[in-house]
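Here is how the chains run, residue by residue.
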Amino acid sequence: LSVTAKRLRSSAHEDETILLLVHDVTAVVQAQRDRERLAAIASHELRHPLTVMIGTAELALEDEAMSPKAVERFQKLLDASERMLEMTQQMLGPRSAVRSGTVVEDACPREETDLTPILVDSVASYEQAGHAKDVRVSLSTSGRLAAVVDGFRIRQVFDNLVSNAVKYTRAGGTVDVSAGREGDDVVISIADTGIGIAPEDLPRVLTPYFRTAEAKKTAGGTGLGLGITQEIVHAHDGVLSVDSVLGEGTVFTVRLPAPTDARGSEGTA
Ligand code: ADP
């Protein structure tokens, strides 16, 4: 129970009235406990296989006879497993998503970051998946792409958008990621020639659990990625937008404010 007391004093006489507000918060507290418990189990159970994956990849990388291509692939496996391990740790942190009910921590560590290497890594990690289904993934950047971000979270944004673009594009299609400065913003767009989204579905794709009929026919998914993506972008004072033509393709655009000292210096890097 949550109890709030308020003292009400009437000026007409000396009587004092105390108002007690009693709320039954059992359901809210229970839901919160369930969330925390689920996250604790998920985080705990995932730690073991992830540690095995990291250890195995590290061991493999010690093999000097390995070809450069194989080294690159094991390195990607290692990086992805380490990122996953970090995510499971964040699930239980003091300001974690699970505790606050939001995905993004109240105080994520932000610093001025060059977005180019993050984009390069993100795109590189989905090139292979694209190649396997005959979808060409490309990246073009122009100028210095600095923004004040939590690099780990922004990587999650790019990963979600690039992996969706690859997932919802059929053989022979393309995914073009481009990034540059537009006035005081850094603008990153992920354009695909995939299944597209019908106009009536466009406003709903950022809603948790919503999946279009075309998406359900094309690939598996949870419908949670875009909601998380939008929340991270908003936490960075940015904007996520989407344009699409059904059957032709989709463009997701992320707009992030450039750091104040980088303003007005478009194209100088
Ligand atoms: P998931 O991919 O797991 O379904 P998301 O939250 O990432 O979940 O996306 C929600 C929905 O938005 C998808 O199910 C799909 O209907 C639509 N969508 C997202 N990205 C694209 C895309 N690049 N092309 C077409 N539809 C997309």
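In what follows, the accompanying structure is described. (Residues numbered from 1 in each chain as written. Predicted model: local features only at pLDDT ≥ 70, side-chain atom pairs only at ≥ 80, totals over all residues. Heavy atoms only, no water.)

1. A short note on the side chain of Thr229
Filter applied, for reference: Every helix listed is a DSSP run of H or I at least four residues long, and every strand listed is a run of E at least two residues long, numbered separately from the N terminus. For the purposes of these results, a polar contact is taken to be a pair of N or O atoms within 3.5 Å, where, inside protein, one atom must be able to donate a hydrogen and its partner to accept one; residues adjacent in sequence count only when each atom of the pair is a side-chain atom. The criterion used for residue contact is that any of the two residues' heavy atoms lie within 4.5 Å.
You can see Thr229 is positioned in helix H7 (residues 225-235). Separated by 2.9 Å, the side chains of Thr229 and Asn160 make a polar contact. Those residues in contact with Thr229 that lie beyond four places of it in its chain are Val157, Asn160, Leu161 and Leu240.

2. Remarks on the sheet that holds strand E6 (residues 174-182)
Applied cut-off: Strand pairing follows a simple DSSP-based rule, namely that at least 2 bridges must link the two strands. For every element, the axis is a line fit to its C-alpha atoms; helices are fit only across the contacting stretch, and the angle between N-to-C directions ranges from 0 to 180 degrees.
Strand order in the open sheet formed by five strands is E4-E6-E7-E9-E8, and the pairing between neighbours is mixed. One side of each edge strand has no neighbouring strand; the edge strands of this open sheet are strand E4 (136-141) and strand E8 (239-245). With strand direction ignored, the average angle separating the axes of adjacent strands in the sheet is 15°. The pairing of E4 with E6 spans six bridges and is classified as parallel. Bridge pairing in E6 places Ser138 opposite Asp176. In this fold helix H4 (residues 115-132) packs onto E4, E6, strand E7 (185-192) and strand E9 (249-257), with an angle of close to 170° to the strand it touches most, E4. Running at roughly 140° to E8, H7 makes contact with E8 and E9 of the sheet.

3. Focus on H7
As a reminder, the rule being used: Classification of residues uses two cut-offs on accessible area relative to the type maximum, computed with a 1.4 Å probe and protein chains only: under 20% is buried, over 50% is exposed, and between them is partly exposed.
Among all positions in H7, only Leu226, Gly227, Thr229, Ile232 and Val233 are buried. Downstream of H7 by one or two residues, Asp237 has phi in the positive range, about 60°.

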